Amino acid sequence: MVVFASGNYEGESDVSFMAGLPELYPQLAEAWIAVGLIDFTGSDISSAVESEFTLYGNKCGSAKEYCVVADGMQVYGAAREYTNTYASGSGSSFSAPMISGGIALLAQAFPNHTAEQLTDRLLASANNTWFTPEGETTFTTHGNSITHGYHSKWGQGIPDFYAALTPITTSSNPSLAMYVGASIQTSKAQDLSSSSLVGSSSYGDAIALGLKGESTYAYDALSGGFKVNMTSLVAVAQQAESLIDFDRSFSTLGLATTPTSNQLQLTKFNRVISEYKNGSNQTFNVTMGAKTIPVQSFLASNIDPAIDISSFSTPYLNQSGGSLSIGAGAVYPIGDSRLLLGFTLPVRDSSSNVQNENTSMTASLESDWNNNTTTTTLLSGLNSNASGPLGMNGFGALNMTDAQTATKFIAMKSQSKLTSNVVLTVIASASSSSSSMPSESLVRSSDDIRSSSLGIGATKTNIFGNGVLSISVSQPDRVSSGSLNIGIPQLSDSQGNITQTSKTVGLSPSGRQLDYRVAYTDTIFSNTAIRLEYATSTNANHSQESDLVHSGFIGFSSGDLKMGARLTDQRNSNRVEMRYGSRF
């Protein structure tokens, strides 16, 4: 770059001959800065007006589009006449070195910029708010552009190096952009603010830890590259609002909690739009927007209503086809057991658009399903969806919208009445997932992701008469192995070409969450009941850095009156409710 003082004669309508050399040789203009001499008499440049500026040098004139001004009046510095002497001086020759120093900072901050790109950045970010522009210059780098107003007297204004060193945006480019392709020119811009990778709680802190220390780059309206920590693009799974489901605890106040056969819950399924029966127990159901019939049955409590089986659910058991999906399921009795089959498929709307890409096929065998002593269920299935595995999702440059993911899983549930008043429940599941590469994304693929969950609970009745005590310990679904392959774009070169390094992220989190729950329900009088609950978690969200999480519930019911309160570590999750109903 060439920085040239424009001259010190305010009566001249143009810059000096040398400062305006690009007028004779236009090819010089792309990396040429002419610097004029002004005196600023105001107190705050950010709110300055034109009357606070006095021009003491040549006007920018015909060089207005590559000209700036700076206060070079009474600058105190080293003098050339004498050794070890400092003195004050004025002139555009004092203004120009200030600009040269700022350009050195820009060159350090943007090492991939050419002299032309640095010139554009300096001029496009100059402060011109204190005068009315007479025209505009359009600065373009790698297809991105920005306009800036100039004046024949003041040029592009006063260089603002803070603005030049920070992202330059426009209304059409309001955010920094990320590029997932081989160059800025040929790639689709993805907003940095909209780019994120969201892992479900099964991954815990694994993705954030795997990308720790990794950096990529995002670009402004003039393709200036700014370093971005990859961990800032990862949304770590947040702690659940509470370990205790207030609505469930509140609704069970005063209800019977004695272990019993729960056949009704296992024959009445959700969102059934049509049912066909062949004989007494053989049925065929058509559902809309629901989990498959085998999964619905698996998540129902066979014997023990005091244990909430649904709280042991996992991402693959939670998957449904969405609100616009159709499913079918069949139930075949086999002696004291029964076989359940089910599937869900996406449907198309009136415009033939697929509303949801999720499909599921499941089968389960329930042994002694209507037995009030012992029952065991084995469930297996295959889920396919056009997004990430185990509830992972991505957006913007990390989108996973068209990744094809397949998840195979198996689960077991066993409930046994050990004595007349003690019921033991054991539930476990395991899965294996992998996904293909989504298009136009930094997420390339995921390989052999394995996860598992485990829970055990026991209920004892007839404590102090009518009391019911339930205890349980569980490990929510946790990834034990697998990897995620991510491309990390490096800083583009001066031509806008981008190379990527490949990063393989291990998906096993640092900790193992364990949930402990205890609940006690008792009927004090014939129509009065109380419920007390406490739950705590260690290594919440499978992170060793997590603090203990606590939740508590106390409830009271008498006749048609119910009152309940939940207290947690998070104040916004605390809840108190009272209801009263009367029948007529």
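Now for a quick tour of the structure.

Within the secondary structure layout, Asp-448 lies in strand E24 (residues 443–463). Note: C-alpha distance between Asp-448 and Leu-484 (36 residues apart in sequence) is 9.3 Å. Setting aside residues up to four positions removed in sequence, Asp-448 forms contacts with Ser-432, Ser-433, Ser-434, Ser-481 and Gly-482. Looking at Asp-448, its side chain comes within polar contact range of the side chain of Arg-450, at 3.2 Å.

What the rule picks out here adds up to 13 aromatic pairs. Summarising the aromatic geometry, the rings of Phe-4 and Trp-32 are spaced 6.2 Å apart at their centres and angled 10° between planes, so their arrangement reads as stacked. Highlighted residues: Phe-4 in strand E1 (residues 2–5) and Trp-32 in strand E2 (residues 32–40), separated in sequence by 28 residues. Overall, Phe-4 belongs to the partly exposed group, its relative accessible area being 28%. A centroid spacing of 5.8 Å and a plane angle of 55° characterise the contact between Tyr-179 and Tyr-219, whose relative ring orientation is tilted. Of this pair, Tyr-179 sits in strand E9 (residues 177–179) while Tyr-219 sits in strand E12 (residues 215–219); the two residues are 40 residues apart in sequence, bridging distant segments of the chain. Grouping residues by exposure puts Tyr-179 and Tyr-219 together as buried. Sitting over the face of the ring of Phe-298, Lys-413 holds its NZ or CZ atom 5.4 Å from the ring centroid.

Sheet architecture is open: three strands sit in the order E14-E11-E21, paired in mixed fashion. A single partner strand is all that each edge strand has here, and the edge strands are strand E14 (234–235) and strand E21 (393–395). Pairing between strand E11 (residues 196–198) and E14: two bridges, direction parallel. Note on E14: the bridge partner recorded for Leu-197 is Val-234.

On inspection of all chains with the given rule, the structure shows one disulfide. With its sulfur 2.1 Å from that of its partner, Cys-60 forms a disulfide with Cys-67. Here the S-S torsion is close to -60°, and the disulfide linking Cys-60 with Cys-67 is therefore left-handed.

Looking along a regular strand, one sees side chains alternate from face to face of the sheet. In strand E7 (residues 135–141), alternate side chains face the same way, and those of Gly-135, Thr-137, Phe-139 and Thr-141 are buried while those of Glu-136, Thr-138 and Thr-140 on the opposite face are not. Across seven bridges, the pairing between E7 and strand E8 (residues 144–150) is antiparallel. The partner of Thr-140 across the bridge, within E8, is Ser-145.

Looking at the element boundaries, Ser-441 is found in the loop between strand E23 (422–435) and E24. Looking at Ser-441, its side chain comes within polar contact range of the main-chain oxygen of Asn-399, at 2.6 Å. Ignoring sequence-local partners within four residues, the contact set of Ser-441 consists of Val-180, Ala-397, Leu-398 and Asn-399.

With that settled, consider the side chain of Ser-95. Locating Ser-95 in the fold gives a position in helix H1 (residues 92–109). In this structure the side chain of Ser-95 is engaged in a polar contact, spanning 2.9 Å, whose partner is the backbone oxygen of Ala-70. Once residues lying within four places of it in the same chain are set aside, the contact partners of Ser-95 are Val-35, Gly-36, Leu-37, Ala-70, Asp-71 and Gly-72.

Taking every second residue as pointing to the same face, the buried face of strand E19 (residues 359–367) carries Ser-360, Thr-362, Ser-364 and Glu-366, while none of Thr-359, Met-361, Ala-363, Leu-365 and Ser-367 on the other face is buried. Relative to strand E20 (residues 374–385), E19 runs antiparallel, the two being bridged by nine bridges. Within E20, the residue paired with Ser-367 across the bridge is Thr-376.

What counts, and at which threshold
Residues numbered from 1 in each chain as written. Predicted model: local features only at pLDDT ≥ 70, side-chain atom pairs only at ≥ 80, totals over all residues. Heavy atoms only, no water. Helix = DSSP H or I, 4+ residues; strand = E, 2+ residues; numbered from the N terminus. Contact = heavy atoms within 4.5 Å. Polar contact = N/O pair within 3.5 Å; in protein donor to acceptor, adjacent residues only side chain to side chain. Phe/Tyr/Trp six-rings, centres within 6.5 Å; stacked < 30°, edge-to-face > 60°. Buried < 20%, exposed > 50% of the residue type's maximum accessible area, 1.4 Å probe, protein only. Lys NZ or Arg CZ within 6 Å of the ring centre and 35° of its normal. Pairing = 2+ DSSP bridges. Disulfide = S-S within 2.5 Å.

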